[in-house]
Amino acid sequence: MSGHSKWNNIKRKKEKTDAAKAKIFTKIGREISVIVKAGGPNPQENSKLKEIIAKAKAANVPNENIERIIKKAAGDTSANNYEELIYEGYGPNGIAVVVEVLTDNRNRTAGEMRHYFDKYGGNLGQSGSVMFMFDRKGQIIIEAEGKDEDAVMEDALDAGADDFNFDGDIFEISTDPAGFGAVCDALEAKGYAFESAEIAYVPQTMSTIDDPDQIKQMEKLIEMLEDNEDVQEIWHNWDMPEEDEE
C-alpha cells in the first residue's frame, strides 16, 4: 500500500526549540478548551476531544496537563469566545496552503493572514480556492526503528486503517476521519507510541519550487504562520528540498 503525503510538517515540529514546543502546547490547550466547551469533557461521547487528545499525546503533552485542561475547560466560559476558521491561499509559485485557526477576533486574524501571504509572494484566496487539492484524513506517524514493517502494517489494517506507507524512517498510517479515534485506541492498546496523530489535510499531489528566492519566501511564510498565536495548523503541498528534511 502506498501514501502520497510528506512528513515535512511533522519533522518541522519535531525539531522545534523548547520555546516553540511550549507554544504548541498552548495552542493544543486552547483547542482542547474549545472542543470541551462545544461537546463536553467525555472523549467517549465527544469524538473531536478524542482526536485532539491523540494529537496532544503525540506532541508529548503530559497526561496530567491534558486532564487539567479538560477539567478547567468544563467550567470555563471564556473558551466560547473562540471560533474555528480556515484560510486558504497560494504561496510562491502557486503552492497551495490551508491554515486552521482559533481566534477571538476574526478581523484581526484575517488582516494578519492577508498580510503574510501578500508579503511573502502569495495571495489569500476565497473559501474553496485550494481545498479541492487536499483530502481530509486521519494521519498517524510511527517511528520505524526497531519495528517490523509487515507486523506494523498488519496491526494498522486490523485496527481499521485505510492506507499504510513506509519510507524507511517512519510508518504513515491513514484513516477515515470518522475512524481515526478508534484506530488510535487500537494501536495504543498494542503498545505503539505516535510521532504524530491528527486529522490532516493531505495534499493529493506535491509541488516544487526551483527559484531560491521563492524558496526563502515560502519558508518565511510558513515561519510567520507558525508563530501566529491564532494559527493551530498549516497544511501545504510544497515538496520541500531534501536539505530541509534533514
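This one's a predicted model, so the numbers in the text were calculated from it and none came from an experiment.

On to unusual backbone geometry, then. A positive phi angle, near 70 degrees, is found at N60, a position not held by glycine. By the secondary structure assignment, N60 is in the loop between α3 (47-58) and α4 (63-74). If you check the backbone angles, N93 has positive phi at about 60 degrees while not being a glycine. Given the relative accessible area of 47%, N93 is considered partly exposed.

A word on the sheet that holds strand β2 (residues 96-103). Across the sheet, four strands lie side by side as β3-β1-β2-β8; this open sheet has antiparallel pairing. Where the open sheet ends on each side, the last strands, each with one partner, are β3 (123-124) and β8 (231-236). In the sheet, strand β1 (residues 83-90) pairs with β2 via eight bridges, with the strands oriented antiparallel. Its bridge partner lying in β2, Y90 is registered against A96. Against the sheet, helix α5 (residues 106-119) engages β1, β2, β3 and β8, with an angle of about 20 degrees to β1.

In space, the four strands of this open sheet follow the order β5-β6-β4-β7, with antiparallel pairing throughout. Two strands bound the open sheet, and with one partner strand each, they are β5 (163-166) and β7 (196-203). For this sheet, the mean angle separating the axes of adjacent strands, direction not counted, is 30 degrees. On top of the sheet, helix α6 (residues 149-158) reaches β5 and β6 (170-175); it is set at about 160 degrees to β5, its chief contact.

Definitions and cut-offs
Residues numbered from 1 in each chain as written. Predicted model: local features only at pLDDT ≥ 70, side-chain atom pairs only at ≥ 80, totals over all residues. Heavy atoms only, no water. Helix = DSSP H or I, 4+ residues; strand = E, 2+ residues; numbered from the N terminus. Buried < 20%, exposed > 50% of the residue type's maximum accessible area, 1.4 Å probe, protein only. Pairing = 2+ DSSP bridges. Contact = heavy atoms within 4.5 Å. Axes fitted to C-alpha atoms, helices over the stretch in contact; angles between N-to-C directions.

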